[in-house]
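Residues per chain are reported as follows:
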Amino acid sequence: MENMSTASDVLAPRYPLARASGDCASNWDASKKRRVNPEDQPGQGGAGPGTLSLRPYQSLAVQNLRRALAGGIVREMLCSPTGSGKTEIGMALVRGARSKGKRVVFLCNRVHLVEQTARRFKKAGIDHGVIQGENTTRVYESVLVGSIQTIARRGMPAVDLIIIDEAHTVAGSKEYRAVIAAAKGIPVIGLSATPYARGLGKHYDELGGPLFEHMTVAATIPDLIEAGYLVDCDVYAPSEPDMTGIKQARNAFGDIDYTDTDVGRAANKPELVGDIVTHWLRLARGTPTVCFAANIAHSKHIVERFHVAGVSAEHIDCYTDEEERRAILARVETGETMVISNVGILAEGWDFPACRTLILARPTRSLIRYIQMAGRVLRPHASKERALILDHSGSVTRLGFPTEEFPLELDDGTPRDAKGGQEKRETPLPKACPSCSYVKTVHKCPVCGFEPERRANVDVRAGDLVQVAKKSKAPKMEKQDFYSQLLRVASSKNYKPGWVANKYREYFGVWPHGMEDVIAHEVSPQVSGFLMHLQIRNAKAKGDKHAGA
Ligand SMILES: [Zn+2]
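Quick look at the overall build of the protein
Looking only at helices and strands, the protein features 18 helices and 19 strands. Within the protein, the fraction of its 549 residues that count as buried is 40%. Restricting the contact set of the protein to residue pairs at least 6 apart, pairs at least 24 apart contribute 77%.

Looking at the sheet that holds strand β15 (residues 339-342)
The sheet built from 6 strands is open, its strands ordered β10-β17-β16-β13-β15-β14 with parallel pairing. Both edges of this open sheet fall to β10 (233-236) and β14 (313-315), since each of them pairs with a single strand only. Each neighbouring strand pair of the sheet contributes to a mean axis angle of 20°, computed without reference to strand direction. As paired strands, strand β13 (residues 289-292) and strand β16 (residues 357-360) are joined by 4 bridges and run parallel to one another. If you follow Thr289 over to β16, its bridge partner there is Thr357. Where helix α10 (residues 270-283) meets the sheet, it contacts β10, β13, β16 and β17 (387-391), and its direction lies at approximately 155° from that of β17.

Brief notes about the confidence of the model for the protein
Across the protein, the average pLDDT comes to 83, with 84% of residues at 70 or higher. Contacts of residues 418-422 to residues separated by more than four positions or lying in other chains number 1 contact, the stretch itself having pLDDT below 50. Scored below 50 in pLDDT, residues 456-467 makes 3 contacts in the model with residues more than four places away or belonging to other chains.

Side note on helix α16 (residues 476-493)
Here α16 spans 26 Å end to end across 18 residues, near enough to the 26 Å set by a 1.5 Å rise per residue. Following α16 by one or two positions, Asn494 adopts a phi angle in the positive range, close to 60°.

A short note on the nonpolar core
Formed by 112 residues in total, the largest nonpolar core has its most connected members in Leu78, Val104, Leu107, Ile163, Leu358, Ala361 and Ile389. Looking at which element gives the most residues to this core, the answer is helix α13 (residues 367-375), with 6 residues. Both of domain 1 (7-219) and domain 2 (228-440) provide at least three residues apiece to this core. Not counting residues up to four positions away in its chain, the partners in contact with Ile389 are Cys233, Val235, Leu358, Leu360, Ala374 and Val396. With 10 residues, the next largest nonpolar core counts Val500, Ala501, Tyr504 and Val527 among its residues.

Let's talk about the packing of α16 against helix α17 (residues 497-508)
Each pair of packed helices gets described by two things: the angle between the helix axes and the distance between those axes. The N-to-C vectors of α16 and α17 enclose an angle of 140°; their axes lie 9 Å apart at closest approach. It follows from the interaxial angle that α16 and α17 lie oblique. Between α16 and α17 lies a crossing of right-handed hand. Judged by residue contacts, Lys479, Phe482, Tyr483, Leu486, Leu487 and Ala490 of α16 engage Trp499, Val500, Lys503, Tyr504, Tyr507 and Phe508 from α17.

Some words on the sheet that holds strand β5 (residues 161-164)
Spatially, the 7 strands line up as an open sheet ordered β3-β4-β2-β5-β6-β1-β9, and their pairing is parallel. Where the open sheet ends on each side, the last strands, each with one partner, are β3 (129-131) and β9 (214-217). Here the strands of the sheet are splayed against their neighbours by 20° on average, with no regard to which way each runs. Seen against the sheet, helix α4 (residues 86-99) touches β1 (75-79), β2 (104-108), β4 (143-147), β5 and β6 (188-192) and runs at an angle of roughly 155° to β2.

Quick look at the pairing of β2
Most of β2 is tucked away, with 5 of its 5 residues classed as buried. Here β2 shows a buried face lined by Val104, Phe106 and Cys108 and a second buried face lined by Val105 and Leu107. Note: β2 against β4, 5 bridges, orientation parallel. Considered in β4, the bridge of Cys108 is made with Ser147. In this sheet, β5 lies alongside β2 in parallel orientation, the contact comprising 4 bridges. Paired with Leu107 across the bridge in β5 is Ile164.

Digging into the pairing of β5
Looking along a regular strand, one sees the side chains alternate between the two faces of the sheet. Here β5 shows a buried face lined by Leu161 and Ile163 and a second buried face lined by Ile162 and Ile164. Pairing of β5 with β6 involves 3 bridges; the strand directions are parallel. Its bridge partner lying in β6, Ile164 is registered against Gly190. Regarding the hand of the β-α-β motif, the stretch spanning β5, helix α7 (residues 174-182) and β6 is right-handed.

Conventions used here
- Residues numbered from 1 in each chain as written.
- Predicted model: local features only at pLDDT ≥ 70, side-chain atom pairs only at ≥ 80, totals over all residues.
- Helix = DSSP H or I, 4+ residues; strand = E, 2+ residues; numbered from the N terminus.
- Buried ≥ 20, exposed ≤ 12 C-beta atoms within 10 Å, placed from the backbone.
- Contact = placed C-beta atoms within 7 Å.
- Pairing = 2+ DSSP bridges.
- Axes fitted to C-alpha atoms, helices over the stretch in contact; angles between N-to-C directions.
- pLDDT = per-residue confidence, 0-100.
- Expected span 1.5 Å × (residues − 1).
- Core = buried A, V, L, I, M, F, W, Y, C linked by C-beta atoms within 7 Å.
- Domains from an automatic or database assignment.
- Parallel < 35°, antiparallel > 145°, perpendicular 65-115°, else oblique.
- Left-handed = near helix turned anticlockwise from the far one by under 90°.
- Right-handed = clockwise from strand over helix to strand, strands pointing away.

In structure tokens, the structure reads:
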């Protein structure tokens, strides 16, 4: 390979010290003084002592990556889900390169990820320098941890291998593309738990080929659950906001998603916020919980409602100062704070395996955002056998279970709309049980046993269909009134819980959603008449069947 380092490269880096203007010059000298060294900050735990032993699939991934590069691939993506030890694989690559006397740069796109990586490297005994604004230090090391923003400004140091963390962000980043184009011919390995961003495999003229040419899959989420490295999850979807008219646009990953400014409008409603707390008390009381909200105001509302219910909850965002943030997360880890709510800051890099419950209150259409949020509760821990997801965002029934196998191909950037807008799925999307809101793909609910009546078995004439369509748009008050009366009938006659949902759907053509479990004092002639009508119809249908048999 042409880009191999010689020993003199390693000892005397060719890094262009005077490239950037003014501000950084003094910082290069600072390498001797050791200014703010991220390694000196207390670790956030969880990483464990540095170890050389890799899990079998991790070793295999390292081998496959090396083979791909040896076979002429220059830009390679590694797909390695949350909890699979992506950083361990990255560190194995770094060690391998270093042992051959090569120089490696490990790029991150956020300051805190630079710091976190430096800490992990130190724990694992990997000597390294840092290139990140004024924290830049020891640039002579053969292993460098760098911020893409700083490197885009100052230029790429002389290296033989570029490793990019959170590499799904590369597609949407001009800085990354420019740096990769300038580093022509130097092997690039992207690491990502969610390599689903649009255009990761798109052809660029300046690169003379696809952004990433090939992908190695270390393991999939179902693989990891099977092997016990992740836990499976139960999902309940008790309510979801009405997303009609909510604006959508491309997010930083190139996914079409609800816009941040507009999504709060749909989600931040008192009845929806109240519903979140009610269902948490019903299904998740006393479990360590992380909540993702639509925006800061929404997150704070949720926290307030938890307080009203006597549950310890705290909010965190990018404006929370560092010391406060640490204190909050420490309280979450000790259990003093039961529910931690945020918008997105905990979606990446926050590691608290004991966290069992996830409240999804931020509607999204982005697979990346979704998988990142879900990843927070899938890590195994002695205190839990399964994770619990309370979906108040419609995400699970929109995107599927977060524990499914997701696309294993890089997106080449061709419009998806041409294929009908949606990825085609091999399995049907899961649905929430109308009776207990457990999300499932099977017909009969495994939790409460409720079995929705199959519509195809019901004899519906064209006129009825029109009627149903109209009724489904009935005002909420009318629906609640009807629902409450059905509850009255069910309780007086001791019917099973599913009975109400079935009768409700017979009438309105939709399952009851967002109804309060308030029992009516009496049953109107209209409702009893309707139930009578159903009884007669069903008896008749049965009679016909017997007659025909
Ligand atoms: Zn059920």
